[in-house]
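Observations on the model geometry
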Amino acid sequence: METHTIGKLTYQERLDVLRAEKLRQTQEKQAVIGSMDHDDWALILPPPDRRKIVQAMSTSGMPITDCLLEGYEPESNHESRGFFGPKTVGNNYRALLESHPVYIDPLSSLAGGYMVNFSSYREPGWNPDLATCVLRPDLAELHQKYQLHPGIGATQHFCQDLQIGLDLGWRGILEKIHYFRAFNLETIPAPEDTRFAPVTRQEMTDFYDGLEAITLGIRTWIQHHADAARAMAENEDDPQLRQNLLEIAEVNDWIVAEPPRTLREVCQWILWFQMAARMYNGSGSLGRLDVLLTPYYEREVAAGTLTDEEAIFHIACLLLRDTAYLQVGGPDAEGRDVTNAVSYLILEAAHRLKIPANVGVAVGCNVDPGLLRRGVEIMFEDKKGVPKFLGVERTAEGFARNGYDIGWGYERAYSGCHWNAIPGREYTLNDCVKINFAAIFEVAWKEMTTDLASTPPLAREGGQSVARLWDLYVQHLRKGVRAIADSLDFHTEYMYKVFPELVIDLLCHGPIERGLDASHGGVEFYNLCLDGAALATVADSFAALEQRIEQEGKLTWDKLAHYIATDWAGPEGERARLMMRSIPRYGTGGANADAWATRIAQVFTGIVKETPTPGGFTMLPGLFSWANTIPMGQGVGATPNGRHAGAPIAHGSNPDPGFRKDGAPTAMAVAIASVQPGYGNTAPMQMELDPALSKDEGGVDHVADLIKTHFDLGGTQINLNIMDAEKVLEAHKDPSKYPDLVVRVTGFSAYFASLSPEFRQLVVNRIITEG
């Protein structure tokens with residue numbers, strides 16, 4: 001980072017320089033690490049002499065290239081050279097925090113920047129003793145057979161309650177750990193939740209040791225920055241920068257121990273926690289930022305010590321350093337809308353930054369409609385895929401169907417790509433557990449077509465039918481869901497022994513008080529989410545089989561089985577592929593494929609909800625593929641909808657790109673609303689619109705009405721891009737032409753140039769066919 005020498009700059013001028021610096025840092029990551037098909041984390045590369053490039057696995061289960069910190073190595077406590085359990089994990093993370101380089105931009109009002117992913121040091125990621133001695137062999141076989149994402153070893157993807165930390169401060173958190181350590185180690189109480197086995201005295205002791213190590217490490221990290229800011233101020237000639245550095249030192253000297261008092265201090269406190277959580281295991285949950293900031297804002301505004309311009313700047317500096325997922329507006333536990341001035345200030349901060357961000361705007365009958373309108377205006381003005389839109393009333397109503405008071409549904413905060421959680425009270429594994437409908441379909445298809453190949457036509461007894469294929473599909477879907485249920489029980493039984501949620505534990509209601517990790521009885525609610533993927537792939541496949549074979553007789557089962565097995569090889573195969581693909585597809589409106597999509601979604605929901613896991617845990621069905629469309633497709637052969645072997649599966653609950661020639665967004669909105677599982681997990685709509693729908697010619701009203709209509713019909717979340725197709729195509733050919741082009745890829749947003757060519761192609765396909 002270059003040293004700045006400036007005159008007096010406005011807040012916006014400072015943000016302009018900070019944005020340019022972030023872009024420079026991103027381009028450096030692109031050069032050193034390569035493609036990044038995931039959230040645009042604000043990770044900053046370490047100084048060149050401390051960089052160590054490695055191949056690793058992200059906390060969402062995706063292979064990534066990453067950069068470790070040269071000179072830091074975690075201590076192992078296992079013959080595999082891995083490190084497991086709360087004490088060793090906590091001590092290793094403390095050592096990382098204490099050796100972490102200082103990062104301070106003198107133009108920002110907040111200190112800090114994180115440079116490494118702690119999870120990339122976890123090799124192996126799971127304790128081999130547990131993997132070989134405890135996991136049933138048949139379960140591992142089912143994982144492979146159905147290509148399941150079972151969630152074993154998954155981390156974070158639930159939401160802390162930041163209010164706990166803002167009330168206590170770091171000293172208060174440490175005192176709380178000491179108090180409950182002494183209290184609980186006297187008796188070692190059994191978990192209040194009888195689904196969890198009791199822990200031993202040593203396990204509880206290690207847990208408190210890990211929590212204390214994490215807390216002390218964070219405090220040291222903060223103090224290093226306070227000291228560095230003061231030293232930088234002594235050597236700074238520019239008076240504006242010198243004063244800002246002294247204020248940074250003062251803020252961090254205070255919050256290293258005490259609760260924050262001002263809006264700037266609370267933004268700095270939240271940033272430290274967010275960076276610590278992100279660096280620990282990738283957590284990006286923030287929650288209801290407007291609710292958290294409002295008391296500080298109102299107190300300072302009343303005292304005349306804070307202007308809106310300054311508040312926007314501090315919030316922007318927070319958003320600059322981490323792309324955390326946050327919600328603005330929406331109901332409180334009593335159903336009253338919390339939208340206020342701070343909600344709009346957060347939107348304005350994202351608007352002025354114009355970088356990747358994950359701000360969710362609550363939309364509902366009882367939510368301030370001005371918030372939706374302002375969000376859509378920003379979409380048109382910035383064309384950055386920010387904000388996204390949340391059907392908060394539909395998700396709350398769905399959550400209540402699990403037997404909860406709807407107040408808990410209102411309390412759930414948007415905290416991740418497509419998901420919500422009750423801050424500090426609910427363990428969910430959102431977006432970590434997935435079942436690939438296309439892989440299930442392929443198993444059923446092969447079973448039926450193998451029977452066809454080995455049985456004479458006259459002896460097949462009706463086996464060559466869509467009805468039989470559907471029966472087989474449902475049988476295998478049920479087996480896949482049950483395998484995931486068993487896997488989730490395995491995870492909740494053993495995860496605390498492997499890699500506990502020590503950072504988020506600090507700000508949850510229960511882990512410190514009970515001496516138990518959030519993954520093992522530490523919190524109040526356990527609702528484990530399971531997402532289906534490839535809905536359109538399978539719905540269009542069933543519809544194509546029904547139309548072309550059974551209704552029209554244009555193909556036989558034997559002939560189609562040959563084309564599928566050979567991946568549509570040769571001219572005849574290609575003609576057959578185009579014929580299967582050209583049926584009225586899911587999203588058309590009133591087509592057989594629409595009915596199949598609804599049927600598939602309903603059956604999936606019914607299977608997930610018919611029983612809890614064997615251990616008694618509730619599962620919440622959703623439809624979402626995240627960034628897995630490419631890897632999930634790579635393991636699946638050709639499918640009857642005309643898809644080639646290894647090609648990406650359909651995205652989440654969306655129709656396939658090109659589902660209609662007009663790409664009508666209203667048709668898509670109706671289709672996706674009809675497949676919602678309806679239990680508090682979501683099935684987002686990914687929508688691409690052309691900026692030709694002018695903001696000044698009623699475009700804002702039209703888009704706002706479309707969003708409201710989708711939610712009125714039952715939709716739960718909308719990810720939206722308003723983008724120029726030609727610009728995107730040019731950027732795809734040469735990303736260097738538009739280095740600051742930002743797109744909402746799926747639940748997350750990222751710089752387009754950071755994506756791999758394959759992932760850019762997926763975005764291009766959506767935009768040029770739907771926009």
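The structure under discussion appears in the preceding block.
Report follows, based on the coordinates.

1. Topic: the overall build of the protein
For the protein, the count of helices and strands is 27 helices and 16 strands. The C-alpha radius of gyration computed for the protein amounts to 26 Å, which stays within 12% of the reference 28 Å derived for 771 residues, consistent with globular compactness. Across the 771 residues that make up the protein, the buried fraction comes to 64%. Long-range contacts, defined here as pairs at least 24 residues apart, represent 76% of the contacts in the protein between residues at least 6 apart. Here the protein has roughly 26400 Å² of accessible surface; of this, 51% comes from carbon and sulfur atoms. Side-chain charges of the protein comprise 70 positive and 101 negative groups, with the mean position of each set lying 3 Å from the other.

2. Concerning the pairing of strand S12 (residues 618-623)
When you tally the buried positions in S12, you get 5 out of 6 residues, the bulk of the element. Examined bridge by bridge, strand S11 (residues 525-533) and S12 share 6 bridges and lie parallel to one another. Counted as the bridge partner of Leu 530 is Pro 621 from S12.

3. What about the packing of helix H5 (residues 162-185) against helix H6 (residues 201-234)?
To characterise two packed helices, one gives the angle between the axes of the helices and the distance between these axes. Remark: H5 packs on H6, axes separated minimally by 10 Å, with the N-to-C direction vectors making an angle of 170 degrees. Relative to H6, H5 is oriented roughly antiparallel. On H6, the residues touching Trp 170, Arg 171, Ile 173, Leu 174, Ile 177, His 178, Phe 180, Arg 181, Asn 184 and Leu 185 of H5 are Arg 201, Met 204, Thr 205, Tyr 208, Asp 209, Leu 211, Glu 212, Thr 215, Leu 216, Ile 218, Arg 219 and Ile 222.

4. Let's talk about the packing of aromatic side chains
What the rule picks out here adds up to 35 aromatic pairs. Here the aromatic rings of Tyr 179 and Phe 183 are separated by 6.4 Å at their centres, their planes lie at 10 degrees, and the arrangement is stacked. Of the two residues, Tyr 179 and Phe 183 both sit in helix H5, 4 residues apart, roughly one turn of that helix. Ring geometry for Tyr 325 against Tyr 414: centres 6.1 Å apart, planes inclined by 75 degrees, an arrangement best described as edge-to-face. Of this pair, Tyr 325 sits in strand S4 (residues 325-328) while Tyr 414 sits in strand S7 (residues 413-414), and the two are 89 residues apart along the sequence. By relative accessible area, Tyr 325 is classed as buried at 4%. Grouped by ring-pair contacts, the aromatic residues Phe 441, Trp 445, Trp 470, Tyr 473, Phe 542, Trp 557 and Trp 596 constitute a single cluster.

5. Some words on the pattern of salt bridges
Inspection of the entire model under this criterion finds 40 salt bridges. As a salt-bridge pair, Arg 373 and Asp 701 come within 2.4 Å of each other at their nearest N and O atoms. With Arg 373 in helix H12 (residues 369-382) and Asp 701 in helix H25 (residues 699-712), the pair connects residues that are 328 residues apart, well separated along the chain. Relative accessible area serves as the criterion here: at 41%, Asp 701 is assigned to the partly exposed category. The closest approach of N and O atoms between Lys 434 and Asp 531, which form a salt bridge, is 2.8 Å. Here Lys 434 is found in strand S10 (residues 434-436), whereas its partner Asp 531 is found in strand S11, with 97 residues between them in sequence. Under the relative-accessibility criterion, Lys 434 is labelled buried at 1%. Residue classification places Asp 531 among the buried residues on the basis of a relative accessible area of 0%.

6. Some details on helix H26 (residues 725-733)
Among the residues of H26, Ala 725, Val 728, Ala 731 and His 732 are the ones counted as buried. Taken around the axis of H26, the buried residues stretch over an arc of 125 degrees, which confines them to a single face. Projecting away from the buried face of H26 at angles above 90 degrees are the exposed residues Glu 726 and Lys 733. With a side-chain oxygen lying 2.9 Å from the backbone nitrogen of Glu 726, the N-terminal cap of H26 falls on Asp 724.

Reading the values: the criteria
- Residues numbered from 1 in each chain as written.
- Predicted model: local features only at pLDDT ≥ 70, side-chain atom pairs only at ≥ 80, totals over all residues.
- Heavy atoms only, no water.
- Helix = DSSP H or I, 4+ residues; strand = E, 2+ residues; numbered from the N terminus.
- Rg over C-alpha atoms; globule rule 2.2 N^0.38 Å.
- Buried < 20%, exposed > 50% of the residue type's maximum accessible area, 1.4 Å probe, protein only.
- Contact = heavy atoms within 4.5 Å.
- Areas by Shrake-Rupley, 256 points an atom, 1.4 Å probe, with all protein chains shown as cover.
- Lys, Arg positive; Asp, Glu negative; His and termini not counted.
- Charge placed at Lys NZ, Arg CZ, Asp CG, Glu CD.
- Pairing = 2+ DSSP bridges.
- Axes fitted to C-alpha atoms, helices over the stretch in contact; angles between N-to-C directions.
- Parallel < 35°, antiparallel > 145°, perpendicular 65-115°, else oblique.
- Phe/Tyr/Trp six-rings, centres within 6.5 Å; stacked < 30°, edge-to-face > 60°.
- Salt bridge = Lys/Arg side-chain N within 4 Å of Asp/Glu carboxyl O.
- Arc of directions from axis to C-beta.
- Polar contact = N/O pair within 3.5 Å; in protein donor to acceptor, adjacent residues only side chain to side chain.

In short, shape yes, function no, at least from these values alone.
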